[in-house]
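Each chain is listed here by its residues.
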Amino acid sequence: MDTPAPPEAAPNLKYLELEFSGTVCGGLPQLLTFALRRGIGTLRILVEDDVEPELLTRFCAQAKEAGMTCSVVLPPTLRGVRGELRSKDIGQAVVICGDAELHDFFAERELFPDAEVELRCGGELWNVAAAMAECADRGIPCRFGCSEAFFRASAADIAAVCGGDLPFPGGRACLGFAESVFIDRTGRVFACRGLRDLPVGSIFDEDFQGIVETSSILDYYRSYTRKIKEPCRSCPAFGPCAGCRGRAYRYSADFLGADPGCPRNADKLDKVVKLPVRDPEHFIPHQGSMLLVSELISVTDNACEAAAVVREDNPFLTASGLLDPAAFIEIGAQGMALLDGFINAGAEMRGMLVEVSRFEYSGLPVPPGTRLLIFGNKICEMPPWSVGTFKIVSSDGGFIAAGEVKVCQFQEPQ
């Protein structure tokens, strides 16, 4: 099966999606400034049950005055408020419906005659395809929305719900992770709604534009056709479709992992690497006694947690049977290399430690058998160069060493 050629350029952000709250209202000016600079014309606003109609109206008015189009997503429980909102200028309304609420919406459609419908699964997957077909028969624009049930669905469930429109109902793949940025009601920023366990920043702790420009997760998603892993990457539909990122992350704890719920991947799950990984030799070139790290525990935005168990054959053991302080520099560098190797899984990576600075050592003795935790944070990257910090602690949290390393790491030519 031929792998499709990736598009030449990653998709640009097309809209910003946010949960409406009084807190987020305070961050609206910087969001609008960013959107206008980047040519983003749409705000998609998710409303919860405790909305204040007047506050929402003012929020939408500010956005519209700045030249933005608003799309307001309303939950079905807001029946008592919809009439009040209808007379306000909130922009395009989108009403969330599940199986039970859909027919209630049909009966109340006069409140929002031009509204779209966003269909979501409840606790159990229901026949989304039939509901979408019913909306189409009535001439009501309809799209599929995120839900926990969909994120956690198996390939068999998805096949039953989606039919031939794999892996999304309606046949329209979701590229929200690459085409938008999501801000929750507290101001935390995520790649999309499906990745709420993986924040990339907060609009109240740092500048929103800075978050978008420095987040490794958002950067990888902008070039997703070169980063998302097998077996999605070999699928003939890959490119226009990249599976559900929320479902992939829940399955493997890897935001670049393949979608396990897509029926096309049902017989290929052995190719999906799940965190934690305990075979670091497959991701970095170090072998034998020079392989000092033993496990990659987690990967987050520009950061990772790894582990190292000190072996009896460790070449940095001194005559007294304790690790020489130089070992911690190498362990920290291997932790950073392991992060890069995992992100670029499938590529042959080679490299070297170029420089170390700001090294600190507590003097804590470390004998064989000790389990160390390594916390790496990448602070700058200009391939093939990257600079990162590391901190090494004992399994009970005792500080051992920290420093900053410069690494040169590159992919071997194929």
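Residues numbered from 1 in each chain as written. Predicted model: local features only at pLDDT ≥ 70, side-chain atom pairs only at ≥ 80, totals over all residues. Heavy atoms only, no water.

A. How the structure looks around the side chain of Asp-340. On the secondary structure map, Asp-340 appears in helix 13 (residues 326-343). Look at Asp-340 and you get buried, because its relative accessible area is 7%. Discounting chain neighbours no more than four positions away, the residues touching Asp-340 are Lys-378, Glu-381, Ser-386 and Gln-409. (Helix = DSSP H or I, 4+ residues; strand = E, 2+ residues; numbered from the N terminus. Buried < 20%, exposed > 50% of the residue type's maximum accessible area, 1.4 Å probe, protein only. Contact = heavy atoms within 4.5 Å.)

B. Spotlight on the confidence of the model for the chain. Looking at the chain, the pLDDT average stands at 87 and 90% of residues meet or exceed 70. No element of the chain has a lower mean pLDDT than helix 4 (residues 79-86), which averages 56, and none a higher one than strand 8 (residues 188-190), which averages 98. Contacts of residues 1-10 to residues separated by more than four positions or lying in other chains number twelve contacts, the stretch itself having pLDDT below 50. (pLDDT = per-residue confidence, 0-100.)

C. Molecular detail of the packing of aromatic side chains. Counted according to the given criterion, the structure contains 13 aromatic pairs. Ring centres of Phe-144 and Phe-150 lie 4.6 Å apart, and the angle between their planes is 70°; this geometry places the pair in the edge-to-face category. Among the aromatic residues, those joined into a ring-pair cluster are Phe-177, Tyr-220, Tyr-221, Tyr-224, Phe-238 and Phe-255. Over the ring of Tyr-251 we find Lys-274; its NZ or CZ atom is 4.5 Å from the centre of that ring. (Phe/Tyr/Trp six-rings, centres within 6.5 Å; stacked < 30°, edge-to-face > 60°. Lys NZ or Arg CZ within 6 Å of the ring centre and 35° of its normal.)

D. Geometry of the pattern of salt bridges. The full count for this structure, using the stated rule, is 25 salt bridges. Glu-355 serves as the salt-bridge partner of Lys-406, at 4.0 Å between the closest nitrogen and oxygen. Taken as a pair, Lys-406 in strand 15 (residues 399-411) and Glu-355 in strand 12 (residues 349-361) lie far apart in primary sequence, 51 residues in all. Exposure remark for Lys-406: the relative accessible area of 30% places this residue in the partly exposed category. Relative accessible area serves as the criterion here: at 42%, Glu-355 is assigned to the partly exposed category. Among the salt bridges present, the one from Lys-378 reaches Glu-381, with a minimum N-O distance of 3.4 Å. (Salt bridge = Lys/Arg side-chain N within 4 Å of Asp/Glu carboxyl O.)

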